[in-house]
Amino acid sequence: MAYLVLARKHRPRTFSEMVGQEHVVQALENALTSQRLHHAYLFTGTRGVGKTTVSRILAKSLNCQGPDGQGGITATPCGICQACRDIDSGRFVDYTELDAASNRGVDEVQALLEQAVYKPVQGRFKVFMIDEVHMLTGHAFNAMLKTLEEPPEYLKFVLATTDPQKVPVTVLSRCLQFNLRPMAPETVLEHLTRVLQTESVPAEPQALRLIARAARGSMRDALSLTDQAIAFGNGELQESGVRHMLGSVDRGHVFRLIEALAQGDGKTVVETAEGLRRDGLSAASTLEEMTAVLQGMAVLQAVPSRVGADTGGDPEAAETARLAALMPADETQLLYSLCLHGRTELGLAPDEYAALTMVLLRLLAFKPSGAATEEKKTLNEAPRREVPLARVAPAEAAPPVAVAPPSVDPAAAPLAPAARPGHRLPVVDAPALNVAASARPVATDEPEPAPTKVMAVPVRVQPPAGAREGESMASAASHPIPPSEEGDFWYATVTQMVAAESIAALARELALQSQLVARDVDQWLLRVERESLNQSGSRDKVQAALAALGHDVKIAIEIGSVVDSPARRNKQAAEERQRVAEEAIRNDPDVQSMMRDWDARIVPGTLRPV
């Protein structure tokens, strides 16, 4: 007898054998038990999660005849009657499966619907199962709409798709939709363990964990990988063989990299990356394994009570918990983000291992160190300068007293002299000294030191985060622009060019944002604030527009601060019109009455000048 692959040999035959889809199984079992059967079902989900399997079990439940041939609709098909055996073997005449990926035209759908007029030959219901239904053409969908909405009482539709977004809403509204979810690695691991026990195939638990993670939620992929691993390992599954077959990176390398990053050991990081290159292990797989470990570390850091919990016998759980205690939570989140986004950079680099090394070293570059943090705190504090105090002759009974910075008394603040450039601050005596004695000149043996010269240092104020370039123009436009002959002339000239539509786009922006600094017979000098406006094409278009107005001149442009430009004048005029409009509304008697009597308010930003 020919070998039957595990995915087909261990396909569930009843709802009780289904794993990972309890929400779908419960809904269908309750509907079959209460006889509340819809005429069309739509099963969605990724590959290998059980869409076709659920369809076949549903067809058996609808047509099961029981062991004695007297059964009816049931949620637990017997599996031994003629109808159940024929559906399992694909020979049941009243169960039709149509692959829409290869039969997607309107002719194939019409040929299928022509069978709907005939009653079932052998079973209780006719069941039309259309797989990958999203591949049908628009005309094919339109051809089946009427029958799908009002089929005969003996006809049931079962549709399956991996992309429900491509199914027309007119079809979705006619079906009961069930979403089959991807299966968790733990669920896949449990099912693989039962299957291999049934097949009497020895397997290491860690090898099955690798296969469960590689399946990515698909049970069919997991069983196919298991078939491949059995052949690769000559009848047994070992961790080393499965890891070599999948090309997976040993978690030992991953743990070594994370520990080195936590300790700031760049040498170990580089040596481990070079070891991965020598062994031919995938850089993308390395980053993928690191994200999985870091995700587990982040969970343990956020929920410490999960440390030591039941992990299903995972030997790597203890190492993950140790690294979670070793690396701070913020660095864990940063490294997770770097690994996640670093996978997209591997294809951009000429060498994926060099890209892997750069992704890992990036954490060391952005990792906050204690010295850097202390330095930042020191820079934020106001710098202190030690001012040498003149030596004061001690009083007869007064020992030397260390002078501490006195606390400022608000009442005594006016008595303190203001610091001026070139002025030396007076020496403050100890509180125990006599005030009258301290007011007299103090005799000193040494000459009076030269006064300290205080220099004024200009301070540049950092703009707030998110400030845009246009805000400087808005703030400048709020102040009156000093009138000038060049400014009036340039504003009138630009207004004429804009009205005549002789300049547009960047040339128009150049004219509006510039200031006329000087005029000569054959050359004008303009000043702009942004280098992006100084383009040769824009300059030539402005020269051509000026020539059309009778000004045959060349334009020179310099970069600098702009005080008077047509754009600033337009902004100032608009603000003045807005201010007049708002003042007119606020002074209106009716508006004042509404604000006084009804507590009305003027919503800011809703007033516009006419």
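None of the values given here were measured: they were computed from a predicted structure.

A word on the pairing of strand β1 (residues 40-44). Burial runs high along β1: 5 of the 5 residues are buried. Note that β1 and strand β4 (residues 155-161) share 5 bridges and pair parallel. Looking across to β4, one finds that Ala40 is bridged to Phe157. Two strands pair when backbone bridges link them, and β1 and strand β5 (residues 176-179) are joined in this way by 4 bridges, in the parallel orientation. Among the inter-strand pairings, Leu42 is bridged to a residue of β5, identified as Gln177.

Attention now moves to a nonpolar patch on the surface. Side chains of Ile585, Met595 and Ile602 sit close together on the surface and give an oily, nonpolar patch of about 200 Å² of accessible area. Checked against the element boundaries, Met595 lands in helix α25 (residues 589-597).

Neighbouring strands of a sheet are bound in pairs by backbone hydrogen bonds; such pairs are parallel or else antiparallel. Read from one edge to the other, the open sheet built from 3 strands follows the order β6-β7-β8, with strand pairing classed as mixed. Every other strand in the sheet has two partners, leaving β6 (515-519) and β8 (554-559) as the edge strands with one partner each. On average, each strand axis in the sheet is inclined to that of its neighbour by 30 degrees, with strand direction left out of account. Contacting β7 (523-528) and β8, helix α23 (residues 536-548) crosses the sheet at an angle of about 135 degrees to β8.

Turning our attention to the packing of helix α14 (residues 283-302) against helix α15 (residues 317-326). Between α14 and α15, the shortest axis-to-axis distance is 9 Å and the interhelical angle comes to 65 degrees. In terms of orientation, α14 and α15 fall into the roughly perpendicular class. Crossing angle aside, the handedness with which α14 passes α15 is right-handed. Contacts between α14 and α15 involve Val293, Gly296, Met297, Leu300 and Gln301 on the former and, on the latter, Thr320, Ala321, Leu323 and Ala324.

Below, the discussion takes up the nonpolar core. Counting 31 residues, the largest nonpolar core has Ile258, Leu261, Met290, Met297 and Leu335 as the members making the most contacts within it. Those elements that place two or more of their residues in this core are α12 (251-263), α13 (266-279), α14, α15, α16 (329-342) and α17 (352-366). In this structure Met290 touches Val254, Leu257, Ile258, Leu261, Leu335, Cys339 and Leu360, once residues within four positions along its chain are discounted.

What follows concerns the packing of aromatic side chains. By convention here, two paired aromatic rings are described through the distance between centres and the angle between planes. For the coordinates displayed, the defined rule picks out 6 aromatic pairs. Ring plane angle 75 degrees and centroid distance 5.5 Å describe the contact between Phe489 and Trp524, whose orientation is recorded as edge-to-face. With Phe489 in helix α21 (residues 485-499) and Trp524 in strand β7, this pair connects stretches of sequence that are 35 residues apart. Linked through ring pairs, Tyr41, Phe43 and Phe178 together constitute an aromatic cluster. Sitting over the face of the ring of Phe489, Arg519 holds its NZ or CZ atom 3.9 Å from the ring centroid.

Calculation criteria
Residues numbered from 1 in each chain as written. Predicted model: local features only at pLDDT ≥ 70, side-chain atom pairs only at ≥ 80, totals over all residues. Heavy atoms only, no water. Buried < 20%, exposed > 50% of the residue type's maximum accessible area, 1.4 Å probe, protein only. Helix = DSSP H or I, 4+ residues; strand = E, 2+ residues; numbered from the N terminus. Pairing = 2+ DSSP bridges. Patch = residues over 30% accessible without salt bridge, like charges linked within 9 Å, V, L, I, M, F, W, Y side chains within 5 Å. Areas by Shrake-Rupley, 256 points an atom, 1.4 Å probe, with all protein chains shown as cover. Salt bridge = Lys/Arg side-chain N within 4 Å of Asp/Glu carboxyl O. Axes fitted to C-alpha atoms, helices over the stretch in contact; angles between N-to-C directions. Contact = heavy atoms within 4.5 Å. Parallel < 35°, antiparallel > 145°, perpendicular 65-115°, else oblique. Left-handed = near helix turned anticlockwise from the far one by under 90°. Core = buried A, V, L, I, M, F, W, Y, C linked by side-chain atoms within 4.5 Å. Phe/Tyr/Trp six-rings, centres within 6.5 Å; stacked < 30°, edge-to-face > 60°. Lys NZ or Arg CZ within 6 Å of the ring centre and 35° of its normal.

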